[in-house]
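Breakdown of the fold
Listed here are the chains, written in short residue letters.
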Amino acid sequence: MEDTDQKQQNTIGRRAFVGGIIPVLAAATVPAWAAKSELLPPPVSVAGTFPGLITREKEPLNLEFPFPTLQDRITPNNQFFIRSHFNIPKIDAASWKLTIGGEVRQEISFSYEDIKKLPVKTVMATIECAGNGRANLVPKVKGLGWEQGGVGTANWTGVPLSVLLDKAGIKSGAVELILEGEDQGTITEEPKSPGVIKFSRSMPISRAQQSDVIIAYQMNGKALSAEHGFPVRVIVPGWYGMASVKWLTKITATATPYDGYWQTLEYAYWKRKAGLPTLTPVTTLQVKAEIARPVLHELLTAGSTYRVFGAAWVGDSKVSKVEVSADEGKTWNPAKLIDQPVANAWQLWEYSWNVPAAAGRYKLMARATDQKGNTQPERHDPDRRNYMVNFMAPVEVEVA
Ligand SMILES: Nc1nc2c(c(=O)[nH]1)N[C@H]1C(S)=C(S)[C@@H](COP(=O)(O)O)O[C@H]1N2
Ligand SMILES: [Mo]
């Protein structure tokens, strides 16, 4: 009896969470740990202030944007998906600092206030989790079951990472930067971590020095929320989300490539080099169009016109076209790109579909092609493991 009550309570709790009742309370109350400093703003919490997010996991917090509700190019902060591997760290901005060390002329630390005094840059960028779309893979793969909404676009504001690197003085022998977050924990499922680890990723110095890589403290003009990396995070436009390390505390320049957990055992794929599969860190966003509407199994009126609508993106190139097929890929029709191109930011697109007069089931597919000529594959390449999922996922609709 008691057991049943408990279960029921959990279910209600979950409903309330999805419905935004509990989180609204949480958002309105400043947690004690956040109120320590009177001078600096405590982190806000956005989770739960938008009731429509899909809960993929509660602890650690993983929420998906409901892609069928897509409206604007910029994803509002409280609708932006949340991907966390550990619990959200409690950081006091007053005592927080970012340290750059390793192969540098001079180890250097920056406070939150220091960072905000440096040159300001805003970059519009789409962040997609490398596991987005994996729920569509057959057979099922391990990992969180993101459908379409492990992706979003924001205007990120901060200081170019290169400005900080210049102050530290990167030594000529350095090849990579390791970026570390404050969040930590033990991964107890395979592949297990060697005890407690932090979230960390590396990138070549050459990439880190490009002017679009920023240490961001704002998202769409507001201070980063606790969930999205307060006080600062990296933004690596054009790369999958794992590169954009949140809750950043430490940057280490190294003379040899880094083989940390989050770029070998996770977020790595088999790249064929001279015919040999070589485990390689996931980096560049693969070209992809997603259909927001119609939704799976939507009922459409025979003989009507329907506005098929979605977004398309790619890293390190530009989307050159999006096409739509309603006949299993036999014929393709050009969609209209609505937004002006911005490097590494998605573009919304639309296609006016003449819904057939004949009732039945139809499969809609969208495919994007980039300026390098890459287009979406029909099937997921197993070398990519459960990452970089950009095969054309059909949306079946009912016409009556
Ligand atoms: N410190 C830290 N940074 C992190 C992560 C994390 O778990 N810890 N998750 C990464 C992954 S896998 C993604 S997809 C993005 C998601 O960013 P968001 O939660 O702001 O959407 O953050 C990245 N940065
Ligand atoms: Mo991710």
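The shown structure was predicted, so the numbers you read here are calculated from the model rather than taken from an experiment.

Here is what the cut-offs are and how they apply
Residues numbered from 1 in each chain as written. Chains lettered and ligands numbered in written order. Predicted model: local features only at pLDDT ≥ 70, side-chain atom pairs only at ≥ 80, totals over all residues. Heavy atoms only, no water. Helix = DSSP H or I, 4+ residues; strand = E, 2+ residues; numbered from the N terminus. Buried < 20%, exposed > 50% of the residue type's maximum accessible area, 1.4 Å probe, protein only. Lys, Arg positive; Asp, Glu negative; His and termini not counted. Salt bridge = Lys/Arg side-chain N within 4 Å of Asp/Glu carboxyl O. Polar contact = N/O pair within 3.5 Å; in protein donor to acceptor, adjacent residues only side chain to side chain. Contact = heavy atoms within 4.5 Å. pLDDT = per-residue confidence, 0-100. Near = heavy atom within 4 Å. Areas by Shrake-Rupley, 256 points an atom, 1.4 Å probe, with all protein chains shown as cover. 1 Å grid on protein atoms, 1.4 Å probe; cavity = no way out; pocket = protein on both sides within 12 Å on 5 of 7 lines; lining within 4 Å. Sits in = over half its atoms within 2 Å of the grid points. Nonpolar A, V, L, I, M, F, W, Y, C, P; charged D, E, K, R; others polar. Pairing = 2+ DSSP bridges. Phe/Tyr/Trp six-rings, centres within 6.5 Å; stacked < 30°, edge-to-face > 60°. Lys NZ or Arg CZ within 6 Å of the ring centre and 35° of its normal.

The topology assignment puts Arg201 in strand β9 (residues 196-204). No salt bridge is formed by the buried Arg201; the nearest opposite charge belongs to Glu176, separated by 9.0 Å. A distance of 3.3 Å separates a polar side-chain atom of Arg201 from the backbone oxygen of Tyr267. Apart from the residues lying within four places of it in its own chain, the contact partners of Arg201 are Leu177, Ile178, Leu179, Met242, Val245, Trp262, Gln263, Tyr267, Pro281, Val282 and Thr283.

Put simply, the protein has an average pLDDT of 91, and 90% of its residues get 70 or more. Every residue in residues 1-28 is under pLDDT 50, and counting partners more than four places away or in other chains gives 22 contacts.

Taken together, 19 residues form the shell around ligand 1, and within it Phe81, Asp183, His228, Arg233 and Lys246 come nearest. Contact distances for ligand 1 include 2.8 Å between an oxygen atom and a side-chain N or O atom of His85. At 2.7 Å from an oxygen atom of ligand 1 is found a side-chain nitrogen or oxygen belonging to Arg233. For ligand 1, whose free accessible area comes to 530 Å², the fraction covered by protein is 100%. In this structure the site holding ligand 1 corresponds to the largest cavity. Of all the elements in the fold, those that place two or more residues in the shell around ligand 1 are β3 (82-83) and β8 (176-186). Taken together, the residues of the shell around ligand 1 sort by class into 9 nonpolar, 6 polar and 4 charged.

Spatially, the 5 strands line up as an open sheet ordered β17-β24-β23-β19-β20, and their pairing is mixed. Either end of the sheet is taken by a strand with one partner, and the two such strands are β17 (299-300) and β20 (333-334).

For the rest of this paragraph, the subject is the side chain of Thr369. Relative to the elements of secondary structure, Thr369 occurs in strand β23 (residues 360-370). Given the relative accessible area of 10%, Thr369 is considered buried. In terms of polar contacts, Thr369 uses its side chain to reach the side chain of Thr375, at 3.0 Å. Discounting residues that sit within four places of it in the chain, Thr369 has contacts with Val287, Lys318, Val319, Ser320, Lys321, Glu323, Asn374 and Thr375.

On to the sheet that holds strand β22 (residues 347-354). Across the sheet, 4 strands lie side by side as β16-β18-β22-β21; this open sheet has antiparallel pairing. Single-partner strands in this sheet number two, and they are β16 (288-293) and β21 (336-337). Examined bridge by bridge, strand β18 (residues 305-313) and β22 share 8 bridges and lie antiparallel to one another. From the neighbouring strand, Thr305 faces β22, where its bridge partner is Asn354.

What follows deals with the packing of aromatic side chains. We describe a pair of aromatic rings using the distance from one ring centre to the other and the angle between the two ring planes. With the rule as written, the count across this model stands at 13 aromatic pairs. Residues Phe80 and Trp156 carry aromatic rings whose centres are separated by 5.7 Å and whose planes lie at 85 degrees to one another, so their mutual orientation is edge-to-face. Of this pair, Phe80 sits in the loop between β2 (62-64) and β3 while Trp156 sits in strand β7 (residues 151-160), placing them 76 residues apart in sequence. As far as burial versus exposure is concerned, Phe80 and Trp156 are alike and both buried. Here Tyr267 and Tyr387 contribute two aromatic rings whose centre-to-centre distance is 5.2 Å and whose plane-to-plane angle is 35 degrees, an arrangement assigned as tilted. Residue Tyr267 is located in the loop between β13 (248-254) and β14 (268-273), and its partner Tyr387 is located in the loop between β23 and β24 (395-399); the two are separated by 120 residues in the primary sequence. Residue classification places Tyr267 among the buried residues on the basis of a relative accessible area of 4%. You can call Tyr387 buried: its relative accessible area is 1%. Among the aromatic residues, ring-to-ring pairing joins Phe65, Phe67, Trp313 and Trp346 into one connected group. Over the aromatic face of Trp332 sits the side chain of Arg367, whose NZ or CZ is 4.1 Å from the ring centroid.

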